[in-house]
Amino acid sequence: MNFPDNLRYTKDHEWIQLLEDGVTAVVGITDFAQSELGDIVFVETKPVGTKVGAHAVFGTVEAVKTVADLYAPVAGEIVAVNEALDAAEIVNSSPYGEGWIVKLKVESPDAVAALLSPADYRALIGE
Amino acid sequence: MPFIVNTDADRAEMLRKIGVGSFEELVVDIPEEIRLKRALDLFPAMGEPEVQRLLEQLSMSNSSTADHVSFLGGGAYDHFIPAAVKTISSRSEFYTAYTPYQAEVSQGTLQAIYEYQSMVCRLYGMDVTNASMYDGATALAEAALMAVNITGRNSVVVAGKLNPYGYQVLETYLEASCERPLVQNVIEDGIGSVESLKSLVNSETAAVIVQQPNFYGRLEEVEEIGRIAREHGALFIVSADPVSLGMLEAPGNYGADIAVGEGQVLGNAQSFGGPYLGIFTVKQQHVRKIPGRLVGMTKDKDGADGFILTLQTREQHIRREKATSNICSNQALCALQAVVWMSLLGKEGIREVAQRSAAKAHYLAEKIAALPGYSLKFSGPFFREFVVETPVAPSKIVDALLPKKVFAGIDLAPFGESGLLVAVTEKRTREELDMFVQALASLA
């Protein structure tokens, strides 16, 4: 399974990547999460402008057999929602690319650095 | 009631089949301290003829529409049910009150529910109908919860006169989820005042609810009410009687986001108040927030048509406390009776039932209004039900007509209002209507 080195990870199976501006971060679910959920049919998030705390639920991912909550890796404000998610299966096919979920304007960039490294996350899922 | 065999030999066979030696071994997991260690405190045993006589005597003390002329309405109506409804719905392949738990094994049941959903969608002019809910009142309450959930707002406004029992169910459901109680606009001439509604609906309103026809049988100004709801971004919830839709505009055509109704009138007997059938329909964009079960159509691996329960992932057995609602059942048998009734009558038949009911109700209303001492309480349009102001207390009229095998209607005094609520269905004959008018005249 693929866990890119340039991303940080959470125990809730999200990934986050701080962009070059240093305050905007892209959030999605990990390759492991999409594979555990199976065929994803619908993604729903809170609207742009919503402020979320760290670990707060900001949406849901619905697969054929289950629904999982999405947890914010760090505190911030939702500044963009991926409109391509109308075709939710892209989360399965490209969890780190086209299948990103939201962009957050993060409160503290340092909080991102404090999250799990790819090695820590691999250890967490027993890989 | 069929005779169910249950001999010692049968019980031994059942125990053997499941691999336990005795009844005691079967219940070994039940802790000693909670076991009842004496015989049940029951009446002495009776023989079968005695039991039958007792039950017959008890049932004869009921008064029902089978041998009474009924003008009772207020949410449950005496429409005609063709014998074919019972014949088809009581077939052993269909006859269970249970929602299927291994649903896809029961293709026939799922298909019947699918057809029910499709017909109700057409009747209400809506995109999606669920497999049914407990009754009209709980469907209405679930609609309000759904609106609170979708909009993230807390205030629910009632426009016009809801059935008072429906109103109470709504209050009970909302108590736990809303910070503020229901808001009700002013009622004038038996309908909600649109002017007074304007000041009640604002950016905190989750939903505006209207019942059409309303509790008094009167027609609310639904288009204007819907416009006010939309203006403030509130959802528009309509509780509509399905038979009335044979004549009246479908809620989907005047902007309802959610439309609900009491489905008893679709081929289900009044049965002293239940079991009934809650109709629940939404527009497509709300499909993932709909409570309850939904049957969909798909193809199996060989490409043949098949039916499945769909969008189940938001239900209680998967989402637990985060489920969209706590309903994970439906009124399959009542919905089956409804779909058989609708199939037998068809579009034209339902229109005819509505038109005949309305025509007879208007005939009766005119005759009663012409009687000395009697008048119609409200002046505007109504469907098959109306309120009469009477020269003697409505309770006296109800009591006086009961021995004549007539249910005169609903006395509104227990609701803190004057008048007798009279409903007329297509079943009433000219003779019955004229007899009722005469009986009222003699009481004046």
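Our structure is the block above this text.
Summary of the structure given here. Along every chain, residues carry numbers that run from 1 in the direction the sequence is written. Chains and ligands are labelled by the order in which they are written, letters from A for the one and numbers from 1 for the other. Confidence filtering applies because this is a predicted model: local features only for residues at pLDDT of at least 70, side-chain atom pairs given and counted only at 80 or more, and all residues used for totals across whole chains, interfaces and linings.

### Here's the deal with the nonpolar core
Right, on to step 1. Residues Ala144, Val208 and Ile237 of chain B are the most contacted members of the largest nonpolar core, which totals 110 residues.
Right, on to step 2. Numbered from the N terminus, helices here are DSSP runs of H or I no shorter than four residues, and strands are runs of E no shorter than two. With 18 residues, the top contributor of residues to this core is helix H11 (residues 332-369) of chain B.
Right, on to step 3. Each domain's extent was defined by an automatic or database domain assignment. Residue-level mapping places this core at the junction of two domains, with at least three residues from each of domain 2 (69-81 + 347-443) and domain 3 (83-340) of chain B.
Right, on to step 4. Apart from the residues lying within four places of it in its own chain, the contact partners of Ala144 of chain B are Val156, Leu170, Tyr173, Leu174, Ala207, Ile209 and Ile237 of chain B.
Right, on to step 5. Note on definitions: a nonpolar core is a set of buried residues drawn from Ala, Val, Leu, Ile, Met, Phe, Trp, Tyr and Cys, linked by C-beta atoms within 7 Å. To sort residues by exposure, count the other C-beta atoms lying within 10 Å of each residue's C-beta; 20 or more gives buried, 12 or fewer gives exposed, and values between give partly exposed, all with C-beta atoms placed from the backbone. Membership of the second largest hydrophobic core comes to 29 residues, among which are Leu37, Ile78, Trp100 and Val106 of chain A. Contact between two residues is assigned whenever their backbone-derived C-beta positions fall within 7 Å.

### With respect to the sheet that holds strand S9 (residues 102-106) of chain A
Residues and elements named next belong to chain A.
Right, on to step 1. Pairing is antiparallel in the open sheet, where six strands are placed in the order S1-S2-S3-S9-S8-S5. Both edges of this open sheet fall to strand S1 (8-9) and strand S5 (51-52), since each of them pairs with a single strand only.
Right, on to step 2. Strands qualify as paired when DSSP identifies two bridges or more between them. Across two bridges, the pairing between S1 and strand S2 (residues 14-18) is antiparallel. By the bridge assignment, Tyr9 is partnered in S2 with Trp15.

### Section: helix H5 (residues 107-124) of chain B
An α-helical segment advances 3.6 residues per turn. Residues three or four places apart therefore align on the same side.
Residue and element names in this part refer to chain B.
Right, on to step 1. A helix's residues, less one, multiplied by 1.5 Å, set its expected span. The terminal C-alpha atoms of H5 lie 26 Å apart, and with 18 residues this matches the ideal 26 Å at 1.5 Å per residue to within 8%.
Right, on to step 2. Within the sequence span of H5, burial applies to Thr109, Leu110, Ala112, Ile113, Tyr116, Gln117, Met119, Val120, Leu123 and Tyr124.
Right, on to step 3. Looking at the residues trailing H5, positive phi occurs at Gly125, about 65 degrees.

### Notes on the sheet that holds strand S9 (residues 258-262) of chain B
All names here are of chain B.
Right, on to step 1. With mixed pairing, seven strands are arranged side by side in an open sheet as S2-S10-S9-S8-S7-S3-S4. One side of each edge strand has no neighbouring strand; the edge strands of this open sheet are strand S2 (128-129) and strand S4 (183-184).
Right, on to step 2. Here six bridges tie strand S7 (residues 205-212) to strand S8 (residues 235-240), and the two strands are oriented parallel to one another. For Val210, the partnering residue across the bridge sits in S8 and is Val238.
Right, on to step 3. An axis is simply a line fitted to the C-alpha atoms; with a helix, the fit covers only the stretch in contact. Between two such axes, the angle follows the N-to-C directions and lies from 0 to 180 degrees. Most of the contacts of helix H6 (residues 136-151) go to S9, to which it runs at about 165 degrees, and overall it touches strand S3 (155-158), S7, S8, S9 and strand S10 (278-282).

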